[in-house]
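Observations on chain architecture
Chain by chain, the residues run as shown.
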Amino acid sequence: MKEVVIIYWSKTGNTEQVAKSIEAGAKQAGAEVTLLKTEEAEDIDFYDYDLVCVGVPSYHWHPPKSADRFLKDKFKEYRQAGKVKLGAPKVEGKQALVFCTYSGPHTGLDEATPVGDYVAQFFAHLGFTVLDKWYVLCEFRAKGPKGVNLEGRMGDIRGLPTEEKLAEISQDTKEIVKNL
Ligand SMILES: Cc1cc2nc3c(=O)[nH]c(=O)nc-3n(C[C@H](O)[C@H](O)[C@H](O)COP(=O)(O)O)c2cc1C
């Protein structure tokens, strides 16, 4: 049975919703699935899993500080263990999927892609194959500038992600996990 871990950071619930949709899809594909917040995942070993899914929101086009801390601490641990090698040779059977939620009020998707690329690099450096980076547009649910959910670059983002989008995420995950 394939082992999948989903690790996420979420303040207002968007990234958690996406993480749970990924969890549902991975379970439908018959995998053994572990869902953890970053603060619960400090002691896990990424290499124990066939697929590691990591999700964060975009905060000022970076990961939130505590999520970044989590990634850096894990990376330090693996570097000390000699797992960060020159040339980043691929480790057989180790795959990662990155997801990032964002609201894109100023410059749209460009506020999220640096986050996905950044998170993906941690896994690429560890020899994981990064299967994909998913960017999910979401309503801004924190206190934000007036009109943030209506007048930003992405227009009316109220109620996002939709149920349809979440179902699509589950379906896409199912396909990925079936093909691991
Ligand atoms: C402090 C803060 C900064 C944010 N900065 C950005 C940003 O730079 N770009 C963007 O697209 N969305 C930004 N957002 C919106 C969040 O990325 C988006 O709503 C995300 O889905 C929130 O995830 P969560 O509900 O899992 O916490 C910001 C939100 C907060 C609270």
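Overview of the structure. Since this is a predicted model, take the numbers as computed values, not measurements. (Residues numbered from 1 in each chain as written. Predicted model: local features only at pLDDT ≥ 70, side-chain atom pairs only at ≥ 80, totals over all residues. Heavy atoms only, no water.)

What follows covers the overall build of the protein chain. Counting its regular elements, the protein chain contains four helices and five strands. In the protein chain, the order of α-helices and β-strands from amino to carboxyl end is β-α-β-β-α-β-α-β-α. Over its C-alpha atoms, taken along the principal directions, the protein chain stretches across nearly 50 × 35 × 25 Å. Considering the protein chain as a whole, with its 180 residues, one finds that 46% of them fall into the buried category. Considering only contacts within the protein chain whose residues lie at least 6 apart along the sequence, 78% involve residues at least 24 apart. On the protein chain, roughly 9,400 Å² of surface is accessible, and the fraction owed to carbon and sulfur atoms is 49%. (Helix = DSSP H or I, 4+ residues; strand = E, 2+ residues; numbered from the N terminus. Buried < 20%, exposed > 50% of the residue type's maximum accessible area, 1.4 Å probe, protein only. Contact = heavy atoms within 4.5 Å. Areas by Shrake-Rupley, 256 points an atom, 1.4 Å probe, with all protein chains shown as cover.)

Surveying the vicinity of the ligand reveals 21 residues, the closest of which are S10, T12, T15, S58 and G104. Between an oxygen atom of the ligand and a side-chain N or O atom of T15, the distance comes to 2.6 Å. The backbone of S58 places a nitrogen or oxygen atom 2.6 Å from an oxygen atom of the ligand. Contact with the protein chains hides 89% of the accessible area of the ligand, taken as 650 Å² for the molecule alone. (Near = heavy atom within 4 Å. Polar contact = N/O pair within 3.5 Å; in protein donor to acceptor, adjacent residues only side chain to side chain.)

Further remarks concern the side chain of E111. Looking at the secondary structure, you find E111 in the loop between β4 (95–102) and α3 (113–125). Here E111 occupies a buried position and makes no salt bridge, while the nearest side chain of opposite charge, R153, is found at 7.3 Å. The contact partners of E111, leaving out residues within four places of it in the chain, are S58, W61, G104, P105 and H106. (Lys, Arg positive; Asp, Glu negative; His and termini not counted. Salt bridge = Lys/Arg side-chain N within 4 Å of Asp/Glu carboxyl O.)

By size, the foremost hydrophobic cluster in this structure holds 32 residues, and its most contacted members are I7, I44, F46, V52, V119, F123 and F128. Elements with a minimum of two residues in this core: β1 (3–8), β3 (51–57), α2 (65–80), β4 and α3. Excluding anything up to four places from it in sequence, I44 contacts V5, I7, L36, Y49, K74 and Y78. Listed in part, the 20 residues of the second largest apolar core include V4, V33, C53 and V136. (Core = buried A, V, L, I, M, F, W, Y, C linked by side-chain atoms within 4.5 Å.)

Here the focus is the sheet that holds β4. Pairing within the open sheet is parallel, and its five strands lie in the order β2-β1-β3-β4-β5. What marks the edges here is a single partner per strand, and that holds for β2 (32–37) and β5 (129–137). Here the average twist between neighbouring strands, direction ignored, is 15°. The pairing of β4 with β5 spans eight bridges and is classified as parallel. Note that in β5 the partner of Y102 across the bridge is L137. Across the sheet, α3 is in contact with β3, β4 and β5; its angle to β5 comes to roughly 155°. (Pairing = 2+ DSSP bridges. Axes fitted to C-alpha atoms, helices over the stretch in contact; angles between N-to-C directions.)

Moving on, we come to the packing of α2 against α3. Remark: α2 packs on α3, axes separated minimally by 11 Å, with the N-to-C direction vectors making an angle of 15°. Taken together, the axes of α2 and α3 lie roughly parallel to each other. Considering how the two elements wind past one another, α2 and α3 form a crossing that is left-handed. In this structure, α2 uses D68, L71, K72 and F75 to contact α3, whose residues at the interface are Y118, V119, F122, F123 and H125. (Parallel < 35°, antiparallel > 145°, perpendicular 65-115°, else oblique. Left-handed = near helix turned anticlockwise from the far one by under 90°.)

Turning our eyes to something else, we now look at the packing of aromatic side chains. Tallying each qualifying case throughout the model produces nine aromatic pairs. The interplanar angle of 35° and the centroid separation of 5.6 Å between the aromatic rings of F46 and Y78 together place this pair among those described as tilted. With F46 in the loop between β2 and β3 and Y78 in helix α2, this pair connects stretches of sequence that are 32 residues apart. Under the relative-accessibility criterion, Y78 is labelled buried at 4%. Aromatic side chains F46 and F123 sit 5.0 Å apart centroid to centroid with 45° between the ring planes, which places their arrangement in the tilted category. Separated by 77 residues along the polypeptide, F46 in the loop between β2 and β3 and F123 in helix α3 bring together distant segments of the chain. Accessibility expressed as a relative area gives 3% for F46, which makes it buried. (Phe/Tyr/Trp six-rings, centres within 6.5 Å; stacked < 30°, edge-to-face > 60°.)

The quantities given are spatial measurements derived from coordinates; they are silent on function.
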